[in-house]
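Here's the letter readout for the chains.
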Amino acid sequence: MSSQPLASRPLLTVDGLVKRFGSGNRTHTAVDKVSFELRAGEVLGLVGESGSGKSTTVRCLMGLERPDAGTLDYDGINLRRLTYAQQRRFRSEVQMVFQDPYSSLNPRMTIGRIVAEPLRVNTKLSSSARRDRVVEMLELVGLGAEHLDRYPRSFSGGQRQRIAIARALVSGPRVLVCDEPVSALDVSVQAQVLNLLKDMQEKLSLSVLFIAHDLAVVRYLCDRLVILQNGVAVEQGSRDEVYGDPQHPYTRALLEAVPRADPAGERMRRQSRLELIETRTA
């Protein structure tokens, strides 16, 4: 968890966000009046099962989907009415790490070109300055200059996600949006990438919006949590509040689903749940 003091003014605000899919009488509300704030220097977890509206919320935030209602604000900028200059600023200061490191990197581009792309688009740095910055970022995530001319196929899943993180950080963003960044990785690699993200957040004083369904991962990384169920934010609070005293039944169910390192206790817990279900259905 970040040791940075949290600013009173939110850096990112989502207020009453609504997103529907379909038309006429056949519409599905994927996100229903979701509201939350991301403060400077904190890690906010957006948590829920598949279909809860996490990724749709992020896609609306990043401009990949058009919201039906609600306010999206970044540091005083209305994200639904961006000027060209504001859009360039937002794209530079808010970067994203996607879920699948295999599909998020262009297989036809070298690692050097991939990581340098945000600099080419958003800055006026010379080619040599861009190269120096790319090498700096690769070294920061545990790679190096020797990897510049290689292609994504030469790397493991964990290494590819490190490259994706380097690409996201190379332009010096203030906010990092991570959409399930470790769910496609092996468990042993997940810990390495999570440690890297935590280290980068602290070193660079980043604000992080971390989307996940795994509450064990979220507990390790996040300062505060927003719990989504069927597109609705059913609970919000600090990490200690949500884990220590969950208020909503859905939050309690998610916590109950987290595997425990106590096989005997886990068997007793499952047996108790089974007996309770049998009692209710008898």
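Structure shown above.
None of the values given here were measured: they were computed from a predicted structure.

Things to note about the overall build of the protein
Helix and strand content of the protein: 10 helices and 10 strands. Scored against the burial criterion, the 282 residues of the protein give a buried share of 46%. Of the contacts made within the protein by residues no fewer than 6 positions apart, 67% connect residues no fewer than 24 positions apart.

Side note on the pattern of salt bridges
Evaluation of the coordinates by the stated rule reveals 10 salt bridges. Lys-54 is the partner of Glu-180 in a salt bridge, and the nearest nitrogen-oxygen pair spans 3.7 Å. Of this pair, Glu-180 sits in the loop between strand E7 (175–179) and helix H6 (187–204) while Lys-54 sits in helix H1 (residues 54–61), and the two are 126 residues apart along the sequence. Of the two residues examined, Glu-180 and Lys-54, each falls in the buried class. A salt bridge links Arg-89 to Glu-93; its shortest N-O distance comes to 3.2 Å. Of this pair, Arg-89 and Glu-93 both sit in helix H2 (residues 84–93), four residues apart, which is roughly one turn of that helix. Overall, the relative accessible area of 18% leaves Glu-93 in the buried class.

Focus on the nonpolar core
The biggest cluster of nonpolar side chains holds 51 residues, and the ones touching the most others in it are Val-115, Leu-138, Ile-165, Leu-176, Phe-210 and Leu-225. With 28 residues, the next largest nonpolar core counts Val-14, Leu-38, Leu-46 and Val-58 among its residues.

Focus: the sheet that holds strand E8 (residues 207–212)
Strand order in this open sheet of six strands is E6-E7-E8-E3-E9-E10, and the pairing throughout is mixed. Each end of this open sheet is capped by a strand with a single partner; those strands are strand E6 (94–97) and strand E10 (232–238). Across this sheet, the average inter-strand angle for adjacent strands is 15 degrees, counted without regard to direction. When E6 meets E7, the two strands line up parallel, connected through four bridges. Within the sheet, the bridge partner assigned to Met-96 lies in E7 and is Val-177. Sitting on the sheet, H2 is in contact with E6 and E7, with an inclination near 45 degrees to E6. Here helix H5 (residues 157–169) sits on the sheet in contact with E6 and E7, set at roughly 175 degrees to E6.

Some remarks on the packing of H5 against H6
Between H5 and H6, whose axes approach to 10 Å, the crossing angle comes to 15 degrees. For the element pair H5 / H6, the angle class is roughly parallel. In terms of crossing hand, the pair formed by H5 and H6 is right-handed. Listed contacts from H6 to Gly-158, Gln-161, Arg-162, Ile-165 and Leu-169 of H5 are Val-189, Gln-192, Val-193, Leu-196, Leu-197, Met-200 and Leu-204. Class assignment of the residues belonging to the contact of H5 with H6 gives a composition of eight nonpolar, three polar and one charged.

Some points on H6
Between its terminal C-alpha atoms H6 stretches 26 Å, which fits the 26 Å expected from 18 residues at 1.5 Å a residue. For H6, the set of buried residues is Val-189, Gln-190, Val-193, Leu-194, Leu-196, Leu-197, Met-200 and Gln-201. The buried side chains of H6 occupy one side of the element, clustering within an arc of 160 degrees when seen end-on. In H6, those exposed residues whose orientation departs by more than 90 degrees from the buried face are Ser-188 and Lys-203. One or two positions beyond H6, positive phi appears at Ser-205, with a value near 55 degrees.

Here's the deal with the side chain of Lys-19
Relative to the assigned elements, Lys-19 resides in strand E1 (residues 10–23). Buried charge without a partner: Lys-19 forms no salt bridge, and the closest opposite charge is Glu-65, 4.0 Å away. Polar contacts involving the side chain of Lys-19 include one to the main-chain carbonyl oxygen of Arg-66, which spans 2.9 Å.

What to know about the packing of aromatic side chains
By the definition in use, this model includes one aromatic pair. With a centroid separation of 5.7 Å and 70 degrees between ring planes, the pair formed by Tyr-74 and Phe-90 is classed as edge-to-face. Of this pair, Tyr-74 sits in strand E4 (residues 69–74) while Phe-90 sits in helix H2, and the two are 16 residues apart along the sequence. Judged by relative accessible area, which is 0%, Tyr-74 ranks as buried. The ring of Phe-21 carries Lys-19 above its face, with NZ or CZ at 5.1 Å from the centroid.

So, how was this worked out
- Residues numbered from 1 in each chain as written.
- Predicted model: local features only at pLDDT ≥ 70, side-chain atom pairs only at ≥ 80, totals over all residues.
- Heavy atoms only, no water.
- Helix = DSSP H or I, 4+ residues; strand = E, 2+ residues; numbered from the N terminus.
- Buried < 20%, exposed > 50% of the residue type's maximum accessible area, 1.4 Å probe, protein only.
- Contact = heavy atoms within 4.5 Å.
- Salt bridge = Lys/Arg side-chain N within 4 Å of Asp/Glu carboxyl O.
- Core = buried A, V, L, I, M, F, W, Y, C linked by side-chain atoms within 4.5 Å.
- Pairing = 2+ DSSP bridges.
- Axes fitted to C-alpha atoms, helices over the stretch in contact; angles between N-to-C directions.
- Parallel < 35°, antiparallel > 145°, perpendicular 65-115°, else oblique.
- Left-handed = near helix turned anticlockwise from the far one by under 90°.
- Nonpolar A, V, L, I, M, F, W, Y, C, P; charged D, E, K, R; others polar.
- Expected span 1.5 Å × (residues − 1).
- Arc of directions from axis to C-beta.
- Lys, Arg positive; Asp, Glu negative; His and termini not counted.
- Polar contact = N/O pair within 3.5 Å; in protein donor to acceptor, adjacent residues only side chain to side chain.
- Phe/Tyr/Trp six-rings, centres within 6.5 Å; stacked < 30°, edge-to-face > 60°.
- Lys NZ or Arg CZ within 6 Å of the ring centre and 35° of its normal.

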